Protein chains: 2
Amino acid sequence: MASVLQPQRGLRMRTVRRSTITDVAKLAEVSIKTVSRVVRREPNVSERTRVAVQAAIDELNYRPTISARSTTSARSFLLGLVFDNPNPSYSFELLRGAQRAAKENGYQLVFEPLDRSRATPAESMTQLIVQGNLEGMIVPPPLCDDPDVLSAMSKLNRPFARIAPGREPSLGFCVSMDDRGAAEAMTRHLVDHGHTRIGFIMGREGTATTQARLHGYKDGLQGAGIAFDEELTCQGAFTIRSGVECGEHLLSLDDRPTAIFASNDDMAAGVLMAAHRVGLEVPRDLSVAGFDDAETASAMWPPLTTIRQPVADMAAAAAEGIIDHQRGNRENGLDNVQLDYELIVRESTGPVPEV
Amino acid sequence: MASVLQPQRGLRMRTVRRSTITDVAKLAEVSIKTVSRVVRREPNVSERTRVAVQAAIDELNYRPTISARSTTSARSFLLGLVFDNPNPSYSFELLRGAQRAAKENGYQLVFEPLDRSRATPAESMTQLIVQGNLEGMIVPPPLCDDPDVLSAMSKLNRPFARIAPGREPSLGFCVSMDDRGAAEAMTRHLVDHGHTRIGFIMGREGTATTQARLHGYKDGLQGAGIAFDEELTCQGAFTIRSGVECGEHLLSLDDRPTAIFASNDDMAAGVLMAAHRVGLEVPRDLSVAGFDDAETASAMWPPLTTIRQPVADMAAAAAEGIIDHQRGNRENGLDNVQLDYELIVRESTGPVPEV
DNA sequence: CTGAAAGCGCTAACAA
DNA sequence: TTGTTAGCGCTTTCAG
């Protein structure tokens, strides 16, 4: 604490000053270049000097200033994250992950909502990157599937990482999750509880995730030797309302499902409502499963069995990929990454009701 | 576009370069100092020169680099926003507002989740500010009501803005909303629809907002000449689950309320569920109102009548307050600000049921 | 009204 | 293994 709050000179503590590389050099009695070497973990520093310098760094609590670094080196140590996703919780998780990874690597994360009013998304992105002097950019969905944006990014010749791309997984550095495998795992979870009539609510038409999750559902049925029954699927739109409607539809079927797997949490919430309305107790009479582990999933009543997407970790991986690339570890930086999902079993799913 | 993507030299477009103050000076045939004067709107520049320089700036699409600025001036043009609120949507809205205001004023927003593992919140904040070289800090709830944090911030001698403080509204620069007035307005809205038995679900015990909203509810009743009935209030905890429980309780009353005002949206969602379970149609049989306008409020079914807090605007006002203060407009920067709420009438409230 | 020169904290050659 | 020197893009004196 003392070093942080050290008075500058004279009696009054005027303003808190961070220590500079020169302060450290003086204290350790070496040149600033040597300090720089230690900080940046460059080779060619004797162990003795290293230790001495490190001690000085610790004592003064020295951290290099990003601004000063960026004026000299060609690098800005700035990483961009564009926001153009209507889901604030999702965006926020991305932000947390990216910011953590950036900070750990001496980078600063610059968060930019995409200005749709001005020009095309592609032009806006170019502006953001060039004006902001960003070394690289993290591009979440749906932007990461916009062909114009992709071609603009490629032209810019700066590394960019795409989160959960739905198409062209060879463009840029891609971080994704196994949506299909996750949906299969959830289906298997329901099958393991004895369910054979499992309803499935699809997401918005035409999105890549909608397709992947539907495939996973089919995989899960097939693996258990259960025939796919189109009657048990319903076209939703990722909204609570569509969940209510699909839930009412599925529950009004003659041979109604004993479990409903909604391909996101909002629709699962809708199913919960629909179930309550017709007097069904969850999970006693009906099992309900979601997908996403949105903030409300655990707050729902009953708490929702769902799939957790490692959103923050995906953003962190994206940031790290870009940073690695900048450091010259190309092989490390450019291989696409797929992270594991997590099946979170809460109280909304249970054994199939006894007849 | 041409200026943004201009090739550097030779045939191949190597890397996109932003233009510097020197580029502008050369083009306008003045010294860099003059350019600086124009950019920073300093006096003592002839109109002719100003126009010429501005033309060069526009042509080259020149924007000063924050990093370079901060190395020279004492200012870093960095504004901090700590995150320590469990609600991602709320935090995200704050972020949007603060980032917008920062950008408009040539500042950059630095977003920092509070590291609770390391030390006390107060120490962490000090670290963030000093190490990050932040000119000021935006402090949202609940952090803005932590006495240690407040005293640490005061000692640091840097401007800080508190969002929706619950106590000590004289410490720092405070931006708030009229919680009490908003709750009163919502109560009046229900009264205007003929409701006289209006249930009220309180938030978590001991929080300032909980108190303020309860007061507003009472004000609303009193204004309409309706006696406050303790039986119609219920202690919630801002969670969906507590909403379900309070909803069930209130609806099981002998003379049950015809409207329920929950002091946040999550609890209102719980009330909706409870209502569905006992077969009550909303708003035909029961009106339900919330508070916050969370992202889910409009997605609920039926869409929820609620109070919109101008969260983003509050953060923007906070950022602007700090920036104004840094610019020396003390009177402007230090007056506390109270923003207007907005009553959003959707479909969950309606006239009192005919008996 | 305008500009030259010094310097911010740091990195990148290049010496020693 | 270490240090010296020259910048980076900008602001800030201080002279014209």
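Refer to the structure above for everything that follows.
Residues numbered from 1 in each chain as written. Chains lettered and ligands numbered in written order. Predicted model: local features only at pLDDT ≥ 70, side-chain atom pairs only at ≥ 80, totals over all residues. Heavy atoms only, no water.

1. Here's the deal with the overall build of chain A
Turning to step 1, where the next piece is worked out: Counting its regular elements, chain A contains 13 helices and 12 strands.
Turning to step 2, where the next piece is worked out: At 26 Å, chain A has a C-alpha radius of gyration far larger than the 20 Å of a compact globule built from 355 residues.
Turning to step 3, where the next piece is worked out: Counting only C-alpha atoms and orienting by the principal axes, one finds that chain A spans roughly 85 × 45 × 40 Å.
Turning to step 4, where the next piece is worked out: Out of the 355 residues in chain A, the part that is buried amounts to 53%.
Turning to step 5, where the next piece is worked out: Excluding contacts between residues fewer than 6 apart, the proportion of contacts in chain A whose partners are at least 24 apart in sequence is 70%.
Turning to step 6, where the next piece is worked out: Surface exposure of chain A reaches about 16100 Å², of which carbon and sulfur atoms provide 48%.
Turning to step 7, where the next piece is worked out: Counting 38 positive and 46 negative side-chain charges, chain A places the averaged centre of each group 13 Å from the other. (Helix = DSSP H or I, 4+ residues; strand = E, 2+ residues; numbered from the N terminus. Rg over C-alpha atoms; globule rule 2.2 N^0.38 Å. Buried < 20%, exposed > 50% of the residue type's maximum accessible area, 1.4 Å probe, protein only. Contact = heavy atoms within 4.5 Å. Areas by Shrake-Rupley, 256 points an atom, 1.4 Å probe, with all protein chains shown as cover. Lys, Arg positive; Asp, Glu negative; His and termini not counted. Charge placed at Lys NZ, Arg CZ, Asp CG, Glu CD.)

2. Remarks on the protein's contact with DNA strand D
Turning to step 1, where the next piece is worked out: If you check the shell around DNA strand D, you find 25 residues, and the closest are Thr34(A), Thr49(A), Thr72(A), Ile21(B) and Lys33(B).
Turning to step 2, where the next piece is worked out: In this structure, a phosphate oxygen belonging to DNA strand D sits 2.4 Å away from a main-chain N or O atom of Ile21(B).
Turning to step 3, where the next piece is worked out: In this structure, Tyr62(B) approaches DNA strand D through a side-chain N or O atom, which is 3.0 Å from a phosphate oxygen.
Turning to step 4, where the next piece is worked out: Looking at the surface near DNA strand D, the elements with two or more residues in it are α2 (32-39) and α4 (66-72) of chain A together with α2 (32-39) and α4 (66-72) of chain B.
Turning to step 5, where the next piece is worked out: Broken down by element, the surface near DNA strand D gets its largest block of residues, 4 residues, from α4(B).
Turning to step 6, where the next piece is worked out: Looking at the surface near DNA strand D residue by residue, the classes come out as 7 nonpolar, 13 polar and 5 charged. (Near = heavy atom within 4 Å. Polar contact = N/O pair within 3.5 Å; in protein donor to acceptor, adjacent residues only side chain to side chain. Nonpolar A, V, L, I, M, F, W, Y, C, P; charged D, E, K, R; others polar.)

3. Digging into empty space enclosed by the protein
Turning to step 1, where the next piece is worked out: Taken as a whole and assessed by the stated rule, the structure comprises 5 cavities of 30 Å³ or more.
Turning to step 2, where the next piece is worked out: Put simply, the largest cavity is a space of about 170 Å³.
Turning to step 3, where the next piece is worked out: For the largest cavity, the full set of lining residues is Ile240(A), Asp266(A), Ala269(A), Met273(A), Thr296(A), Met300(A), Ile240(B), Asp266(B), Ala269(B), Met273(B), Thr296(B) and Met300(B).
Turning to step 4, where the next piece is worked out: Contributing elements (two or more residues each) for the lining of the largest cavity: α11 (265-277) of chain A together with α11 (265-277) of chain B.
Turning to step 5, where the next piece is worked out: In terms of residue class, the lining of the largest cavity is built from 8 nonpolar, 2 polar and 2 charged. (1 Å grid on protein atoms, 1.4 Å probe; cavity = no way out; pocket = protein on both sides within 12 Å on 5 of 7 lines; lining within 4 Å. Points joined across faces, edges and corners; volume = space filled by probe spheres on them.)

4. Let's talk about the protein's contact with DNA strand C
Turning to step 1, where the next piece is worked out: With respect to spatial proximity, 25 residues lie near DNA strand C, and among them Ile21(A), Thr71(A), Thr34(B), Thr49(B) and Thr72(B) are the closest.
Turning to step 2, where the next piece is worked out: Sugar and phosphate atoms represent 63% of those atoms of DNA strand C found within 4 Å of the protein.
Turning to step 3, where the next piece is worked out: Between Lys33(A) and DNA strand C, the recorded distance is 3.3 Å, taken from a side-chain N or O atom to a base nitrogen.
Turning to step 4, where the next piece is worked out: A distance of 2.9 Å is found between a phosphate oxygen of DNA strand C and a backbone nitrogen or oxygen belonging to Ser46(B).
Turning to step 5, where the next piece is worked out: At the level of secondary structure, the elements contributing two or more residues to the surface near DNA strand C comprise α2 and α4 of chain A together with α2 and α4 of chain B.
Turning to step 6, where the next piece is worked out: Residue contributions to the surface near DNA strand C peak at 4 residues, all from α4(A).

5. A look at the environment of Thr71(B)
Residue and element names in this part refer to chain B.
Turning to step 1, where the next piece is worked out: Looking at the element boundaries, threonine 71 is found in helix α4.
Turning to step 2, where the next piece is worked out: Among the residues examined, threonine 71 registers a relative accessible area of 40% and is labelled partly exposed.
Turning to step 3, where the next piece is worked out: Each C-alpha atom, one on threonine 71 and one on lysine 155, is 24 Å from the other, the two residues being 84 residues apart in sequence.
Turning to step 4, where the next piece is worked out: Engagement of the side chain of threonine 71 in a polar contact is seen with the backbone oxygen of alanine 68, the distance being 2.6 Å.

6. Here we look at the environment of Glu184(A)
Residue and element names in this part refer to chain A.
Turning to step 1, where the next piece is worked out: With respect to the element layout, glutamate 184 can be found in helix α8 (residues 179-192).
Turning to step 2, where the next piece is worked out: Overall, the relative accessible area of 24% leaves glutamate 184 in the partly exposed class.
Turning to step 3, where the next piece is worked out: Placed 151 residues apart in sequence, glutamate 184 and lysine 33 show a C-alpha to C-alpha distance of 56 Å.
Turning to step 4, where the next piece is worked out: Residues within four places of glutamate 184 in sequence aside, it is in contact with Gly216, Tyr217, Asp219 and Gly220.

7. Regarding the pairing of strand β5 (residues 173-177) of chain B
Residue and element names in this part refer to chain B.
Turning to step 1, where the next piece is worked out: Burial runs high along β5: 5 of the 5 residues are buried.
Turning to step 2, where the next piece is worked out: Side-chain alternation along β5 places Phe173, Val175 and Met177 on one buried face and Cys174 and Ser176 on a second face that is also buried.
Turning to step 3, where the next piece is worked out: Pairing between strand β4 (residues 160-163) and β5: 3 bridges, direction parallel. The residue bridging alanine 161 from the neighbouring strand is phenylalanine 173, located in β5.
Turning to step 4, where the next piece is worked out: For β5 and strand β11 (residues 337-339), the ladder comprises 3 bridges, and the chain directions are parallel. Paired with valine 175 across the two strands is valine 337, which belongs to β11. (Pairing = 2+ DSSP bridges.)

8. Some words on the relation of the copies chain B and chain A
Turning to step 1, where the next piece is worked out: The two copies are related by a screw motion: chain B maps onto chain A through a turn of 180° and a shift of 0.1 Å along the axis, at an RMSD of 0.3 Å. Viewed as a symmetry operation, the transformation between the two copies matches a two-fold axis. By C-alpha distance to the rotation axis, the residue of chain B lying nearest is Ser67(B), at 2.0 Å.
Turning to step 2, where the next piece is worked out: Both copies present the same face, since 100% of the interface residues in chain B are matched by interface residues at the equivalent positions in chain A. (Least-squares fit on C-alpha atoms with pLDDT ≥ 70 in both.)

9. A word on helix α7 (residues 147-156) of chain A
Residues and elements named next belong to chain A.
Turning to step 1, where the next piece is worked out: Restricting attention to buried positions, one finds in α7 the residues Val149, Leu150, Ala152, Met153 and Leu156. All buried residues of α7 project into a common sector of 165° when viewed along the axis, lining one side. Every exposed residue of α7 that faces more than 90 degrees away from the buried side is listed here: Asp148 and Lys155.
Turning to step 2, where the next piece is worked out: Its side-chain oxygen 2.8 Å from the backbone nitrogen of aspartate 148, aspartate 146 forms the N-cap of α7.
Turning to step 3, where the next piece is worked out: Asparagine 157 occupies a position one or two residues after α7 and carries a positive phi of about 65°. (Arc of directions from axis to C-beta.)

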